[in-house]
Structures are given as C-alpha cells and as structure tokens.
Amino acid sequence: MAKPSKKSFNKKSDDRLKTFQKPSKKPFKPHQKSDSIISKDALPIQLEDDVPDFPRGGQSSLSRAEVDKVRSEVDKEFETETIVLKKKRKEKMKKMSQSTDDDLGSLFGDGKAGKSPRFANKITLKNLTAGMKLWGIITEVNEKDLVVSLPGGLCGLVRASEAIDPSLHDEVKGDTEDDVLSTIYTVGQLVSCIVLQLDDDKKEKGKRKIWLSLRLALLHSSFTLDILQEGMVINAYVKSIEDHGYMLHFGVTSFTGFMQNSSNDAGSRGTQMVVGSLVQGVVKSIDRTRKVVYLSSDAEEVVKHVTKDLKGIPFNLLIPGMMVNASVRSTLENGIMLSFLTFFTGTVDIFHLGKTLPTSKWKDEYTQNKKVNARILFIDPSTRAVGLTMNPHLVHNNAPPSLVKIGDIFDDSKVVRVDRGSGLLLEIPTAPIPTPAYVSVSDLSDKEVRKWEKSFKEGSVVRVRVFGFRILEGVATGVLKTSAFEGSVFTHSDVRPGMVMKAKVIIVDSFGAIVQFASGVKALCPLRHMSEFEIVKPRKKFQVGAELVFRVLGCKSKRITVTHKKTLVKSKLPVLSSYTDATEGLLTHGWITKIESHGCFVRFYNGVQGFAPRAELGLDPGSDVSSMYHVEQVAKCRVTSSVPASRRINLSFLATPARTSEDDTIKLGSLVSGTVERVTPHGIIVDVGVKGYMKGMISFEHLADNHGLASKMESVLKPGYKFEKLLVLDVENKNLILTAKYSLVIAAQQLPADASQVYAHSVVHGYICNVIDTGCFVRFIGRLTGFAPKNKAVDDHRADLSKVFYVGQSVRSNILDVNSETGRITLSLKQSLCSSVDASFIQEYFLLEEKIAKLQYSCSKPSSLKWVKEFPIGNLIEGTVHEEKESGFVISFQKYNDVFGFITHHQLGRSTVDIGKTVKAVILDVAKMDHLVYLSLKPEFVNRCVENSDSCTPKKMRKRSAHKDLEVHQTVNAVVEVVQENYLVLSIPDAKFALGYASLSDYNTQTLQPKQFVNGQRVSASVVALPDSSTAERLLLLLKSNSEVDTSSAKRAKKKSSYDVGSAVQAEVTEIKPLELRLKFGSGLRGRIHITEASDGNIVEDPFGNFKIGQTLTARIVSKAKVENSNNFRWDLSIKPSVLADQADVHTAVEFSYSIGQSVTGFVYKVDKDWAWLAVTRDVRAQLYILDSACNPSELHDFQNRFHIGKPISGYILSTSKEKRLLRLLLHPVAGGLLSNGASMTDDLVSLSSETVTSHICEGAVVGGRISKILPGVGGLIVQIDPHLSGKVHYTELADSWISNPLSSYHEGQFVKCKVLDIGHSGTGTVHVDLSLRSSLVGIDENSKELQSYVKSCSNRYEKIEDLHPDMAVEGYVKNITPKGCFIMLSRKLDAKILISNLSDDYVSKPEEEFPIGKLVNGRVVSLEPLSKRIEVSLRKTSGTKVPKSDKGGFSSLNVGEIISGRVKRIEPYGLFIAIDQSKLVGLCHVSELPEDRMDNIETKYKIREKVKAKILKVDEERQRISLGMKGSYFDTNTDAGAPADDGSDALDEDDSELSDQNPNEFQEPLFPFENGKHPVLAEVESRAAVLPLDVPLDETDDSPVNDVVAQSPEPLDNKSETNENKNRRTKKKEMEEREREIRAAEERLLQEDVPRTADDFEKLIRNSPNSSFIWIKYMAFLLSLNEVEKARSMAERALRTINIREEAEKLNVWVAYFNLENEYGNPPEDAVLKVFQRALQYCDPKKVHFALLGMYERTEQHKLADELLEKMIKKFKHSCKVWLRRIQRVLKQKEDLVQSVVKRALICLPKHKHIKFITQTAISEFKTGVPDRGRSMFEGMLREYPKRTDLWSVYLDQEIRLGDVDVIRSLFERTICLELPLKKMKFLFKKYLEFEKSYGDEERTEYVKAEALKYLEKARP
C-alpha cells in the first residue's frame, strides 16, 4: 500500500473535493461500475447489492453493436500503446503474471508448499464450488426457503427440504402445520452451511444462484463417537421434547444426544424450542456404552469455548463457526495469515480483522506469533483453504449490528483509510457505535479521475450515501457520486405508487419492457401498459435507449411496475393506492382488468381493486358490457362506497349520481304495468309509462316461474302486449329491472329488500342469480342476496348444482341464519325444507297457458279460443271415433274441425269402440295450446254426468255440488287418470270422482327428473285450491310426495327408530335400475334391494324383470349404515325367500369366508377393456379377466358385449383378498395343483406368487391369449395369457404347415387361441411358458393317441433328435446366416447347421441375400450327433455333400475292438469327440480312456482337427453312441497311443471349421436335457450368480449348441512343406487365434455344463481364458454371492489389468459390470460409479462407455442421473445421431413435451447427411410412443423436400398401417400412386397398396387397386 503523500492537502484538496461534489452535467447517467480504473494490486470488493434485485433478468445497457464498437476502439488504442510503450508493457506483464492467481481470487491452502501468498483468501462467485462449508446469517425466512448472507457479500438460498433433516421431517410437520421454517429459524441467526450447487439465474443473466444446505448429515458426515471429546462445541437438531430435556440428533446415526432443561439454554434466549430446532452446545459428557452425548447449551459457555487440539483434528472435522486459538504467521496485502490447531493455516481478509475500522497502519498491530482468537469463516475441501474472522461480534457468536438503511445520506463521514486502486474506508457516524463503509473507486465520482488518491486523505470528511450492506462483515457500501444525491429515487424504498419519472428503455421483449431510472433502479413496464391500445410489435413502440415518461403502478418486494398509458401518466386526479384512501365521491383513474355480465373490475395503484356494477356503467338497456368497454381500458371512476376492512370498493362510471324528485321515485318491490316495446336477444323492453324512468327490462327467465312456459312465452310475445302486473326488482341507469314471475308478484308485499326484513326459519320466494361449485346465490328485491352452500342447497350431496339449478329459476328458500354485522344471509334450498304449501306453481301454469294460447292465435284467428267454453271439464260431450293410435283413440267433433279428443286405453273402461262410431265421453282435461281434449269412457265418470244431466240443476251448481264435500288442506286419496308432461289429472273416488290437478314438480325441483306415475296408480294429495276463476276453474291438489315436510324432528326420529335390521317392511318400488331396486317405506325412508338380495343363489337371469314402479312388496331390512357427511341412513333390504322366511341370519355380520376353488355366482356391474367386475354380495366383489373368459378369439374380441350389465356369471375362485373383499374368478374349475399349493385364502391379488398365478395354467391346456409383442426376425411372438404372465410362441409353432412368413397373419393386440407346451421355473422365481398356435394342437384331446399321431404326421415337428435319421427329409426356417453357412430351426428344441457347400447345387455368391433370416427351406439330414444334439442338413438336390464314396455309412460297419483313425472334432473336460474317417459317425473317447500322460489339461494336449487313432470299445446302436479308447495298452508297442495318425489327412474342411465357430445370439438352449429344463447344479449357480450389479449382456457369450456342430467331410492334408516363411508365420498366427477362440468357447460351455463351485475352479478357467470377460464376470458374481464385495472389486481391477488391450469389447463388458457393482455396493453409489466411469473413458471408446453408463442408469431407474448424463453426451457427441435419438426416446418415455425443441437442437448440430435418418427415426418413435400427429408432420416435411424417396413413403405407410386408421392409410396410398416416379418404384408402391387391401379391405377395394395399376401402365406407355 502506498504511503500518504507529504504534500499539503489544503486548497488543492478542497478544490478537488469541490469538483467531486459538482452536479452532473448529464441529466441521466445509469449507475454503472467500470473495472478499468481498479488497480491490479487489489481485488475489487464483490457486493450483493451492486445490481438491483428487480428485474432479475438485467444485463448491460449497451446493445451488441455498441459493445463491438467499443471493443474495436479499445483494441486499436491498445495496439498503438503497445508500439509506443513496448518495454513498459513487458514489465507490467511480468508483474501481472506474478499476481494472476491472487487477483483472480483463486483459493490456496496447505497444498501450496513453499509458496507465500500475497493476498488473503476471499469468497467470490468465481472460486465458490460445491462442497464448500460456509458461515452465514439468515436474512429472510420464507415459506419455502431461507435466504442466507454469506462472506464476501454473497447471498445463498436454502430449500425447505435442505433446512430440515429428512429423518425429522414427519415430526416437524406434525408439530407445526402452518409455516414450518419460521418456527425453527429466525432472522439474524448464525448458521453453518454447505454449498450444494451453483445454477445460472434464469431471470438475470450473469447472475448465479447459490444453493445451500443446513443438514448436519452433510456437515457432520465424518463425525464418529471416538472423535468427540468433552468440551467440544457441536451443533444438533432437537429430535423430540421430553419432560426433563431434549433428545438431539447430530445428523449421523452412530450416536445420539441429550440436553437437559436449564434457564440458560437456547430456548430461553427469545425463541421457543420446537422439534427440528438447530441448537449449539458444549459436550459435557459421553456415554460410549449407550452411545449418547450429553450437551449443555449455556450461552456464555458456548461463546467462550475454544476448540482444543487434543488428539489432532483432521481437516474434514473443521466446521464453520468453530472458535480456535491462532497465532499470526505473516501479514498480507489485504489481510493476515494465521496458524491454528498446530497443523492448519488460514487467512483473514481486511474486512474481518479485530478492529472494524482498521487504519492504514493496521499491519503494525499484527506482529508475527501474536496470539488471537478467531472463528472459522469458510472451508474449501478441494484446496484445503480456510478463511477466518476476527470480527468482535462474530467472535462472540453474534451477528454484526445493522445501524444504517439503504439510501441514507451522511454528511459527516470520516475517511479512515485510502486503499490505492481499490477505494476508501469511511466511518459513518451512527449510534451507539460508528459503522464502517467502503466506497469503491467506481463510485467516487461521475467523471473518471486519475490519481484520485491525492484528492482524499485520512481524516477528511465527505458526504456519502449508503446503497448496500454486507451483513456478515457489518460493512456498508457507499457512493460519493453527485448524481446519487440528485434524484428522488435512489433505491427501491424511495419508489412510491403514482410517482411520475423519466426512465430509459434497456430491454424490450414479448412480455413488455425493462426500464431503468437515473439511479440505476430497474422497473417493468408490462406489455398491456406500454400503450393505451394493444401493441402487436412492442419493439416498434419502444426502442432500446429511448427516454420516456412513466408512472409507478406499484412496488412490492423490490419489484417495481410502471405504466406508459398516456391517460394515467398525464392524469391530474388523485392517486388511489390504498383502500383507506377510497372516500365516497373520490374521482380517480383506473384500468379495467375483467369484464363480467354484471359489471366491471377496475384496478388502481398498488394492487387496489374495485367493482363497478352494471347499473353504474351508463349502458343502454339490453346492450352488452363488452360492446362499450374492453379489458385494459383506462376509465374515470367515482367511488360510491368502500369497506376498507373487507377490501371492497364500489365504483361508478357516471360522473355525477342521477337525481330524481321524490314524486317520480319508484320504490323497489312495487308493482307496475308495462307494454312490450320490442324483443331483443337479451330480454324484453317494456314501456312502463313512469316519469323519470326510461324503460323497463324483463329477462326471458323472468317471464314465468315454469321454465318451459317462459320459453313458450318468449316465442309468442309481440310488441303491444301488455303486462298487467310487473314487480320492480332493481333500477339500473334509470331503467327498471322487472319480473313477471307469478310467485314474486303475488308475494310482493312479503319480499325483503333489506337484511333487517329477513328472519330466520322463514320461507321466502326468490330467484337464482348465480350458481357456483360451492353453492347458489338467491336474490330478492334490489341487491339483497343470500347464499345457499352446496350441502344446504340439495338433499343429495352428490348432485351437480349446475344441473339442479339455473340462473333465473324461481325458488323457495328457507332462511337459516342472518348475520346482522356483515349482512350475510345463509339459506337452504332443500326440497324437504322448502316444498310448496299452496297452489301458486300450478296455478300460474294454467293461467299462463291460456295467455300463451291467445297470443298464438291472436293474429290469424282472434276468436279461436271460443271452443274452450264448449268443452267444460267434467261434462259429457259427443264425438266420433276418427282414428286409432297405439296409445288410444282420436275423437273428432262435428262443430270444431281443428279440435280433437283423445281417449287412452286406460280410459276406455269396459267399452269397445270402432272407427266411425259415435261415443259420449267425459272431459278430463283441455290442452288449450294444442287444441286437444282428453276424454274418458269409464262408467264412474259417465254415470255421474248422466245423473247430473237428468236433474234440473244448472251447470255451475253441478260443479259446486261435486266439490261441496271438499275443503282446503283436506287430505284425499286419488287415482291417476292422465299423466301430462307437467302435471297429473287425478280423480277422487271419495268425492264422487271429482277431477283434480297436481303438479309433478316444484319450484326447487324443476330441472330434476320427476317421479314416474302410471295410470291407475293411487296417490295421496291435499286440496290447496277450490275451482274458481283464479284457478282456471280447476280443483288444484298438492301431492304428498312433493310436500312431505315433517316439522317435528322428534316425531321423525321416533318413526325412523322403529325400524331396525331384521324388521320386515312394506315398501313401494320407486325406481328400477339394472343392479338394484329403489324403494320407499315408512315415513319418507329410502332404501334399496341389491341384485344379489333378490333371489337365493343368484341364478335368476333377470331378478327385477317382474317388478314395476309403484308396486308394493314385502322386504326385510338386512343392513343399516350412516351416510357420510349426512344424518341420513342407507337401508339395504332383501327379498330372498330364505331371508323372508327366517330372520335369524340377518343380525349376524357376513364373514369373508371364501376358499380357492369354491364355486360362486355374481352379477356383472361393470365391464372395462380387460376386466368384468361382478357383485357376489352387497360388499364382496369379483373380477374376471378377459383371457379367462374364453379361448376362442371371436369370443374374446366380443368380450364387452358378452358380459352386459346385470348378467349372472358363475365361476370358480382363483384367489382372494380379504382386505379388499375381492375375488378373482375362472369360468372353469381350478386345477388341483392350486389347492395343494398352500396358498392362503386371503392372499392379496397383487402379491400372488408366481406358482399361484400359473397354477391354473398347466401343460397341455388350451387358453386364450393376446399378442403383446412381435419379436424381430425369427424371434416369434410374446403372448399374454394372464394379467401378470406372458408366454413365448416359437417361430415354428405359429402355423401347422410349413409356410413362408408365418408372422404375416398376426399383429399386436390380436386375440389368439394357444396351447401350453411347457412351463419352466428359473432359480430367480421367473416363470417361462412355451406356447403353440398350431390349430392342430389347439383342440387336441391328449388322451387320444390317434389324434396325436395325426398331428405329428401333419406338422413334422421333431422335438427329439432320436426321431431323426440320416437322409430324412426335413423343413425349417433360416435362423442365422454367416459367410460360411447358416443355421435353421427344425422345431422349438432342435436346430441344424448347413455348410455353405451344402446350401445349393450351384455356387452361392451372397448367402445372406439368397437365404435371408426366416426363409423356409427343405433339405435332408446329413449327420447326427445324439449326445450333443448336433445336426447337419444339406439343401442340395443331388448327393453332393462332400462325403467320399468309400463311406461305410452306419453303425453296422463298426466292430468292437477295431482300430480306427479320425480327427478331434471337439474337446470337452470329460473327453474328446472324434470324427471317424470314411464315415459320418462321431465317437466319444472319455477322459478315463485317454493315455495317462494326457489325462490332465486335455485342452492343451490336443488340438482341433488333430489326427488320432482309437479303439472301438462299445457300439450302442439303439442309443446311437460309440465309445472309443486311446490308452497305450490298446495298441501295439510300436504305436504311439493318441498320437497323430500317419495314414490320413490332418486338415478339416475349412468351411466346416470356420462355421463351427459362428454363434447366433438367439440360441439359448442347453446342451443336455434335464428335468425342468435345467441342470440342478446350473440352476443353483444361476440363482446364486443372478446379482443385479453384474447383469451385463456379453456380445460374445457362446452357449449355443451350434458351435459344436460335427464336421462331416474331412479332406486329406497337404503334407508339402511350406517354403514361404511369412506365409508360415501367418498360418501359425491364425492357428493361435483359432485356438484361443476354441479355448474360450470351451470355458464358457464348461460354465454352463460343469459349473465351478470354488474360487480355484474359477482361477483354473481364468488361466486358460484370460481374455474372456464372461468368466471374469461370473467370477465376480460368485464372490458377491459370498458377500465378498471388496474381493469382487479387486477381481474387476485384476480383469482390467489382465485382458489384452486389443480386446476392447471384453474390457468394456468388465467396465459395465464394474458400474453395476459400484451402483449397488458403492458408498455413496453415485460418486463411486462416476469414479469408475472416468477411468473407463481412458481405456475404451468414450461413446460406448457413455452409452453403457446410460443403460445402467435406465435399468436401475435413476432418471435424474440418466438425464444429466444424456445432456453431457449431447454436448460431447453432438454429431452423433444415435445420441440424439436416445434423447428423443427419453423425452417420449417421460411424457415430456420437449420433442420439438430437442429436434431443433439436433438438426442444428447434426451433419446434413444424417438429417433424414434422424427425422425418420424420431417420427417412428412419435408414432409408437408419442404423438402421431407430430410424426406425420415430420414425414410430411421430409416428403415435401424429397418427394421421390420411396423408402420414406414406405416407412410412413408402415407407421400409419400400424395405427390402423383405414381412411388415413388409403388417402396416403392415393397420394403415392399419383406420384411421377420410375416404373420400378411405382410397382413397389402399387404392390404395397394391393397387399394392404388384401389384408384390410374387400374384393372391391382389391380390384380397385388393380384397376388403378393398369391405368398407370397404360398412361406410362409411350
């Protein structure tokens, strides 16, 4: 640091200070910091408040062009300066290079031995890394995260999940239901944290988010009980609160803690101790036996305690906040270096020294070896760097005080220290102690001033403004710029709503614009506020750099929002920014945010919102609100009323309130008359003729109470019609809102207009004004509104309110509660409480019916209703039978041609009528609108009329006499005569069959389905109105079903309590459903009869078929259960004869006692795609799987139609679930094997063992199946036969006959009939099922030998090698093709080899083209090897196999004792297979028959194709086996036993030898058949070695019997000597490679047949085959089965060292196994796998290694790691199509909508020649697992660019055919055949079209395609 200048600093300094205080010349200069003037000697301070927090996407205010321009100018200037000052530049570069590390802020630790640092360690974003441990202070406690202030002015975030230990999460949640974090942490609390990761801030470029964790499990990961010592300070969580203290959790599981209650504990310092609280305590004692640590949290003791170096603390045990004794080691330029705890060193930067205001001579205070106390501030494990603090507040474990606020101005700030090149340290005068502040160089002046150090001196006074505060250091950051003191806005806290300010546009985007004030504070101008009108292109309106005027809308949490709307910016009206400012009559501007039919929502400043009702909008009657106003429109509003407590403001768009005289005022609720002026789409405009009011408005719903009549009234209303009585509901803009509802008009005097007029428990008429999910709003007079919650609105809580009520519906409401304070009215609309008690509802119906009828015929026929007077109800009238209908007879009248009568069959009585006959009938009802009269011929009606007509009584007197016995409210019994749409016509037998009329519905039940009535049904009703003019001369009744409201709850309870389980009741059928009868019994009780309670045994097909609605029956109550959220009960009844006869069993609860195999019957109640669900009893269900319902494909396809709702099904129980009370059924008896399985009767259906699942599927059974997957090539089919089981169909089992491409007739999802051939169980519990689809096997009776022999003769499927013999003709499918020949499948168990020389009589140049996989071939057997099941076949027509003519042929030519010569064909551990010369036979020389000197390690003693001599010991013609011997005693003494023979050739056919090494991966059959398909030893080792971590697919695993195919045609050796040495060398090398392959194959077969059991066995194999990854991995699996994990790791390392470096594939297999091992046993697995992965990258192909790791992640479902790895792969291998396709597959698998973005990225990165391949594969993936429409778009895009690529057309068509939309496929084919392509390509397309139509179309479509093809040929001909 430079020394202070000795020159005087009087006038000059004062002048300089004045220049610093001069006002800025530029009126607008953003707050920017330049690094150009910062000295290279010091690191600039990084502050968290350098950039405003909002908006979070800020960046440089310069455009890209401006930045480039500045850079170019700087480069030119730099070049010039380089030429002139070349020498100076070199010297500076040297100095800069020496301090580069320190200037960049890189951390150093103990690892830099011998290097003395210049600067102290400081934490910055550049050197902050994951894993660093930091000390911080909590500054914010939010609901979901914490904000922590860190060293260096940084700020970190802690998620809630990282603030609480996972083990305590449940306990913390249980104790604190609300805000969890606020109860555990407090602002200002010191915490130790660890860095998890750093993410780029999406909102603000250049910023990074620091994610922290407070979990002690990470901080204390290395803590053990042995390390802890008494006196240590340690942090802990409160695990639980006990009576005498707290149980503690330290983040590790090896020990726990306890802390006693005391007055000085952490809980007594201001915060309550809760579960999860973080406490700090001193270790008092340790109980190592019980592993309990006892702590004391005495605050004074914790603060004073210093960590002692008792046993030497390792580095990983250092914790931030730990107090240590330290000694000064040296002083640095910006701090000091300390040594502590003997072995460690750390640094203290200048802001963490012991004095908060260190002067320029601070170094003198810290002499070497000075003893100080310090606390650890941060720890970097990677560099072993440690930062310390000596801040007195932090040393005393307290947060530094914050005595200043951002924006404060201090005039008398004293300069304490001048740091050359960095800035000034100031002392701000605050109480009680001064606060240090630091001013950076860039904040000293608005102008760039050189040698600024001379302008300031220590002790001078300056004016400073605070613009930031570093909480942990306790240091404020200030600014001396003049511009900082000029503006009214310096920080966010200075911003006030309504302020008008200038700002500069810095960013323009689709969401709006980011603007910046002069002080640097940023704000957001949303898109909708950029202009008065909607902006389509905001960048044209706003240009970056433009200065505009804005008005502040609001400021919340440093987020400032402004507007540029001209009206708002220039408004002179008061600003409304709080609800308390909203005084009545206030005029202000706002903007509309939402428009509803009933008004507008308006928003003001600071989030204040109000509502302007429709009446205050100034609209014309009938006009729409949206036609005059639009969203975001600025409106001038007047406050009419406000309630600040409830945050409500009522507004008006009318500038002045309307004034009317008292005489002209119409009161709400009064009655007026009006004439229809016009009918609009929104309602009816009427002229009320009242002075001072414009018009009246009637909405269509208010024309009538009855919804149907209101619609009819609307259709017939015409101008001029006069309403006599209309009720005034409300007044809007001098317009009256009226209603014509009869219920409201007659109750006008009782309707309330104010809450004070509403009384609880009263029933009031009203209408629905709104319906929401939670309830209904009912309006009365004016704006008086009540609310009916959903549970109070309907009796059935499951009902949908929007379907029960409609807006405008007339209702009767029961007042439940009236809150006098808030004026809220709570209602009930339940029919049980609000049913009608008068005749107003039906009375209006008949009155309005007559008015509608008059309006219908008023124009055409003014006197058309005169006929009504001629048809009085109840009178006798004469008519002629005109026509007979299905439901009755039509009667015509002579006088009226347009009026007809109708007699139903029920009203004929005992009369018979014929067409043309004249009858006299009684009038029951008159439908005036339809000109229809309902008549009756019943004698009781006719006789009554005849008797009355004989008397001389007038008509009126007759009517009165008919009803003279009836009184109002009298209850009568009536009979239903006619059922009309809205009412019933009833007769009252007790009143001389008087006619009455009753409504079917009520006010509150208009939209509900009315109760069903039938003619002749008896009902109970009460008389509510006698006939007069107001009732249209009708007797009006009220049905009891609509008015049953028992006002006495005690009586109702008493009646209900009389019924109990077991009681027999008389019930009436009210509804018939497929699965239950709904009944009514008792006093309003409702019950049901479940279909299983209708008959005994559930055997009746339709148990409810004989019942009718209204029928009375006897039933017995079997269950009574309370309905949830209701006081009602659900009653279950039974009509079973057994239950009705004896009620003893009714009281006992039905137990779940079902056994497997038991036969049960149930009724189908639900059928979905795969299951039929049955009801066995009321509470026991059963399910039937689709594949268990039948085996015929046609029946399976018709599954849902076969099992209709209500159908009885009998089946047998397969499994049970007592908890779910669920059964699984089969339609056939369960196999006996299942019952002997020991399965519990209550096994859960989901957790059934594999034996239980498959026990009903036995070998030989014929079952139904569904194809789930078609395997590629000749893999066959996967067929599902059970919900959790699938079987495999071999390629040869697809069809009876040998046909080409047998898979062509199958597709995925197809139902098939299959036979179970074999069931196998692996050692891991997996079940393997082999199936057959051959039609000859599907229906075979296994006991029929004739059928079996017939099938065998037809199908020619040989499954045993004994069934074959040489020269037999066989057929098969090509399984694999190699350059040396091919392999064919003869059956599912036998395969054969065909040498290339035997493929054809002619030369085969390209075997893979002439013999593709799956081709059907015919041949004959050439040779057999029964012991190893090896078969050779020839396809040659002639006898052209290379067999010499001297071939002896069969076993008969061999004699025991004969000496033969041959060649070693195959070497096994148990002996040699020798091909006998001059024959097709192979014999076995057992290892015991070998020469004694060659019995050990025979693989090394003999070679393949070696010529040997042997003696025939035994010939077994029956078993076709030859035993040979090669011992020396069998030969003459002159003959070398087992030596190469001299009389023959020792070279095999080259084709034969090379073909035997080929291995098709599809073969997995064992070499020897054993019981259950497995060798017992092999099964044991497989189960032991089936370890997940080593589940590695090996490309070269060779366990196929094809490798051991016997050679048939030995050729003589050419014994001529080789003269060419190079050729000899190549031959030897080839033989060595051949030998290596043979040994490896032998070792792998050894593992399959002779399983190694010990480590020695494996070592033996490894010595023989050191490069075989298969053996190494098996060895590792063996060690893991013994829990020898470390040995398995060492074995992996040994394998990697041993395997030859050229064997990259083998090494990769071992690496993958290593991945899986570490993933399972690593600690932690993720890190262990990554370490192995990094090593593997150095030895193997990086792309293959990445794919291998990705596959491991996907197999183990580590999706997050897989996604992260895939992103890295995309960046690393961005030119790889395979990587991008893998990314597409991941996206589709995870159902993420990111496919298009990935495709765009891929097309940018991939080379152009890979685009077609990538897009094609992506489109195919979309068709298969994604969105087919996206796949179509991709194909269409490629075909537009490459329309002549038939391969693209073909793939496109294949994908569409797979989807199966025939119309789309045909349209696509039609496009293809219209293309102009070469004839060959068009032939391909037409052929594909024809094949499609043959498969999916009919003959007509097939002929159409052929005709189109002929047309194309004719057109193509020249």
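Above this text you will find the structure in question.
Keep in mind it's a predicted model, so treat the numbers as computed, not measured.

Moving on, we come to the packing of aromatic side chains. In the structure shown here, the tally under the stated rule is 40 aromatic pairs. For the pair W1711 and Y1739, a centre-to-centre distance of 6.0 Å together with 20° between the ring planes defines the contact as stacked. On the criterion of sequence distance, the pair formed by W1711 in helix α39 (residues 1704–1721) and Y1739 in helix α40 (residues 1725–1739) is long-range, its members being 28 residues apart. Classification of Y1739 by relative accessible area gives exposed; the value is 53%.

Counting buried residues along strand β72 (residues 1471–1476), 6 of its 6 residues qualify, which places the element largely inside the surrounding structure. Taken together, the 6 bridges between strand β71 (residues 1459–1468) and β72 define a ladder with antiparallel strand orientation. In the strand pairing of β72, I1467 is matched with L1472. Hairpin connection, β71 to β72: the antiparallel pair is bridged by 2 residues.

On the surface, L1879, L1910 and L1913 cluster together into a nonpolar patch covering about 270 Å² of accessible area. Tracing the backbone through its elements, the reader meets L1913 in helix α50 (residues 1899–1916). Taking the relative accessible area as the measure of exposure, L1913 reaches 35% and is therefore partly exposed.

Applying the stated rule across the entire model yields 60 salt bridges. A salt bridge links K355 to E365, with the shortest nitrogen-to-oxygen separation between them at 3.2 Å. Here the residue K355 occupies a position in the loop between β13 (344–349) and β14 (371–380), and E365 occupies one in the loop between β13 and β14, the gap between them amounting to 10 residues. With a closest N to O distance of 3.2 Å, R1088 and E1076 form a salt bridge. Within this pair, whereas R1088 is found in strand β53 (residues 1085–1090), its partner E1076 is found in strand β52 (residues 1076–1081), the two being separated by 12 residues in sequence. It is possible to trace a salt-bridge network through shared partners that takes in E1076, R1078, R1088, E1093, R1130, D1132 and R1178.

By size, the foremost hydrophobic cluster in this structure holds 86 residues, and its most contacted members are F1715, L1749, Y1753, M1769 and F1814. For this core, the leading source of residues is helix α37 (residues 1669–1681), giving 9 residues. When sequence neighbours within four positions are dropped, the list of residues in contact with F1715 reads V1729, V1732, F1733, A1736, V1745, A1748, L1749 and M1752. In terms of nonpolar packing, the next biggest core, distinct from the first, is built from 71 residues, F889, V890, V919 and Y934 among them.

Definitions and limits used
- Residues numbered from 1 in each chain as written.
- Predicted model: local features only at pLDDT ≥ 70, side-chain atom pairs only at ≥ 80, totals over all residues.
- Heavy atoms only, no water.
- Phe/Tyr/Trp six-rings, centres within 6.5 Å; stacked < 30°, edge-to-face > 60°.
- Helix = DSSP H or I, 4+ residues; strand = E, 2+ residues; numbered from the N terminus.
- Buried < 20%, exposed > 50% of the residue type's maximum accessible area, 1.4 Å probe, protein only.
- Pairing = 2+ DSSP bridges.
- Patch = residues over 30% accessible without salt bridge, like charges linked within 9 Å, V, L, I, M, F, W, Y side chains within 5 Å.
- Areas by Shrake-Rupley, 256 points an atom, 1.4 Å probe, with all protein chains shown as cover.
- Salt bridge = Lys/Arg side-chain N within 4 Å of Asp/Glu carboxyl O.
- Core = buried A, V, L, I, M, F, W, Y, C linked by side-chain atoms within 4.5 Å.
- Contact = heavy atoms within 4.5 Å.

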